[in-house]
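Chain and residue survey
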Amino acid sequence: MSRPLIVSDCDEVLLHMIAPFRDWLDEMHGVSFDMGGGGDFGRAMTRRDTGETLGAEEVWRLLGLFFDGEMHRQAPIAGAAEAIRELGAHADIVVLTNLMDHRREARVRQLADHGLDLRVFTNQGPKGPALKAILDEYRPGRAIFIDDLAQHHGSVAELAPDVARLHLCGEPMLAPHIACAHRAGHAHARIDSWEHALPWLIETLYADRKD
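Throughout what follows, the structure given in this document is the object of discussion. Just so we're clear, the structure is a prediction, and the values are computed from it rather than from any experiment.

Pairing analysis gives 4 bridges linking strand β4 (residues 92–97) to strand β5 (residues 119–122), with the strands arranged parallel. Considered in β5, the bridge of Val-95 is made with Val-120. Running through helix α4 (residues 104–113), the crossover from β4 to the neighbouring parallel element β5 is right-handed.

In structure tokens:
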């Protein structure tokens, strides 16, 4: 049987993103970021001097600037790097991240700087089709998908239902505000810490194995 495969998201799964993005917005752009108003990312950013909520075009512009020049601010989620290194003894691991394709090499270097030498696939939109293409290439005996956003679990559940799916959001500022894919029936588990996710992942890799 082929080696198992773990396909993991990056932002809020392996690396913090919202927290350093918030700090950069405050320091460099006079923008406050607060997810407390209902958990709507698109309406979480306001100008400090006027209270004006940023429009979608400005939000995307600032996100682009952050990923083009500020990725060095991102630090690993607690336990993520250690868990990924341990999991590497049991499975192949790749990253599927929703960044524009021209930022792929920057993400590869960023992860390597934190001791994670992983192949990176970039994607825009639902992750089901991209995951399916990865599976077609690797043809693993077993696969696990890890992501922090419920909609991607739904997409993967639809197109690759045999893949085990773990909903993990390691950012405490974001985790309480996002829909739960496990509760919706699209993920097999919701675990927001690597300390508890690692045993689940190893158990899932070997559960009912016949090889």
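Evaluation of the coordinates by the stated rule reveals 5 aromatic pairs. Ring centres 5.5 Å apart and planes at 80 degrees place the aromatic pair Phe-66 and Phe-67 in the edge-to-face group. Assessed through its relative accessible area of 0%, Phe-66 is described here as buried. Chaining the aromatic ring pairs together yields one cluster made of Phe-21, Trp-24, Phe-33, Phe-66 and Phe-67.

As for its position among the elements, Gly-42 is in the loop between β2 (31–33) and β3 (45–47). For Gly-42, the residues in contact, after removing those within four places along its chain, are Leu-54 and Val-59.

This model, assessed by the stated rule, comprises 16 salt bridges. For Asp-11, the salt bridge identified is with Arg-107, shortest N-O distance 3.0 Å. Taken together, the residues Asp-11 in the loop between β1 (5–8) and α1 (18–29) and Arg-107 in helix α4 connect sequence positions 96 residues apart. For Asp-11, a relative accessible area of 12% gives the class buried.

Between helix α3 (residues 80–87) and helix α8 (residues 194–206), whose axes approach to 10 Å, the crossing angle comes to 15 degrees. As the angle between them shows, α3 and α8 are arranged roughly parallel. Considering how the two elements wind past one another, α3 and α8 form a crossing that is right-handed. Of α8, the residues touching α3 (which contributes Ala-80, Ala-83, Ile-84, Glu-86 and Leu-87) are Trp-194, Leu-198, Leu-201, Ile-202 and Leu-205. The class makeup of the residues in the contact of α3 with α8 is 9 nonpolar, no polar and 1 charged.

Phi is positive for Glu-12, close to 70 degrees, though the residue is something other than glycine. By secondary structure assignment, the location of Glu-12 is in the loop between β1 and α1. We note that Arg-139 has phi near 45 degrees; this positive angle belongs to a residue other than glycine. The exposed category is assigned to Arg-139, whose relative accessible area is 60%.

All right, on to the side chain of Arg-165 then. Counting through the fold element by element, Arg-165 comes out in strand β7 (residues 164–167). The side chain of Arg-165 sits in the buried core without any salt bridge; Asp-162 is the nearest counter-charge, 7.4 Å away. Excluding residues within four positions of it along the chain, Arg-165 makes contact with Phe-145, His-153, Val-156, Ala-157, Ala-160, His-186, Ala-187, His-188, Ala-189 and Trp-200.

Quick look at the sheet that holds strand β6 (residues 143–147) now. Here we have 6 strands laid out as an open sheet, ordered β5-β4-β1-β6-β7-β8, and parallel in their pairing. Lying at the two open borders of the sheet, with one neighbouring strand each, are β5 and β8 (189–190). The pairing of β6 with β7 spans 4 bridges and is parallel. Each bridged residue has a counterpart across the sheet, and for Asp-147 the counterpart in β7 is His-167.

Thresholds applied
- Residues numbered from 1 in each chain as written.
- Predicted model: local features only at pLDDT ≥ 70, side-chain atom pairs only at ≥ 80, totals over all residues.
- Heavy atoms only, no water.
- Pairing = 2+ DSSP bridges.
- Helix = DSSP H or I, 4+ residues; strand = E, 2+ residues; numbered from the N terminus.
- Right-handed = clockwise from strand over helix to strand, strands pointing away.
- Phe/Tyr/Trp six-rings, centres within 6.5 Å; stacked < 30°, edge-to-face > 60°.
- Buried < 20%, exposed > 50% of the residue type's maximum accessible area, 1.4 Å probe, protein only.
- Contact = heavy atoms within 4.5 Å.
- Salt bridge = Lys/Arg side-chain N within 4 Å of Asp/Glu carboxyl O.
- Axes fitted to C-alpha atoms, helices over the stretch in contact; angles between N-to-C directions.
- Parallel < 35°, antiparallel > 145°, perpendicular 65-115°, else oblique.
- Left-handed = near helix turned anticlockwise from the far one by under 90°.
- Nonpolar A, V, L, I, M, F, W, Y, C, P; charged D, E, K, R; others polar.
- Lys, Arg positive; Asp, Glu negative; His and termini not counted.

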